[in-house]
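Reading the structure
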Amino acid sequence: MPWRRKGQAAVEYILTTMVLVTCFAAMYGFIQGQLKELFILAGKKILATYY
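Residues numbered from 1 in each chain as written. Predicted model: local features only at pLDDT ≥ 70, side-chain atom pairs only at ≥ 80, totals over all residues. Heavy atoms only, no water.

Regarding the overall build of the protein chain
Here is the rule we go by: Helix numbers and strand numbers start at the N terminus; a helix is a DSSP run of H or I with at least 4 residues, a strand a run of E with at least 2. Restricting the calculation to C-alpha atoms gives the radius of gyration, and the globule rule supplies 2.2 Å times the number of residues raised to the power 0.38. Here's how the labels work: a residue is buried when its accessible area is under 20% of the maximum for its type, exposed when over 50%, partly exposed in between, all with a 1.4 Å probe on protein chains only. Surface accessibility in these figures is a Shrake-Rupley result with a 1.4 Å probe; residues are shielded only by whichever protein chains are displayed.
Of regular secondary structure, the protein chain possesses one helix and zero strands. Over its C-alpha trace the protein chain gives a radius of gyration of 22 Å, far above what one expects of a compact globule, namely 10 Å for 51 residues. On the principal axes, the C-alpha backbone points of the protein chain span a range of 75 × 10 × 5 Å. Across the 51 residues of the protein chain, 0% fall into the buried class. Summed over its atoms, the accessible surface of the protein chain is roughly 5,200 Å², and 73% of this surface lies on carbon and sulfur atoms.

Shown next as structure tokens:
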């Protein structure tokens, strides 16, 4: 039955998209936290060289 294959493909595409969006959102959150810490550390080192 061709409609079953189309339905299965649509569900697979939706699930794959949801998994990818979740992974990218998690990676973005992790990277944001790391960048904040790195900027603070770099700012402290720059200020320490001048003062």
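Here's the deal with a nonpolar patch on the surface
Our working rule: Distance thresholds for patches are 9 Å for like charges and 5 Å for nonpolar side chains (Val, Leu, Ile, Met, Phe, Trp, Tyr), applied to residues having over 30% relative accessible area and no salt bridge. Any carboxyl oxygen of Asp or Glu that lies within 4 Å of a side-chain nitrogen of Lys or Arg is treated as forming a salt bridge with it.
On the surface, L20, F24, M27, F30, I31, L35, L38 and F39 cluster together into a nonpolar patch covering about 860 Å² of accessible area. Its place among the elements puts L35 in helix α1 (residues 2-50). L35 sits in the partly exposed class, given a relative accessible area of 36%.

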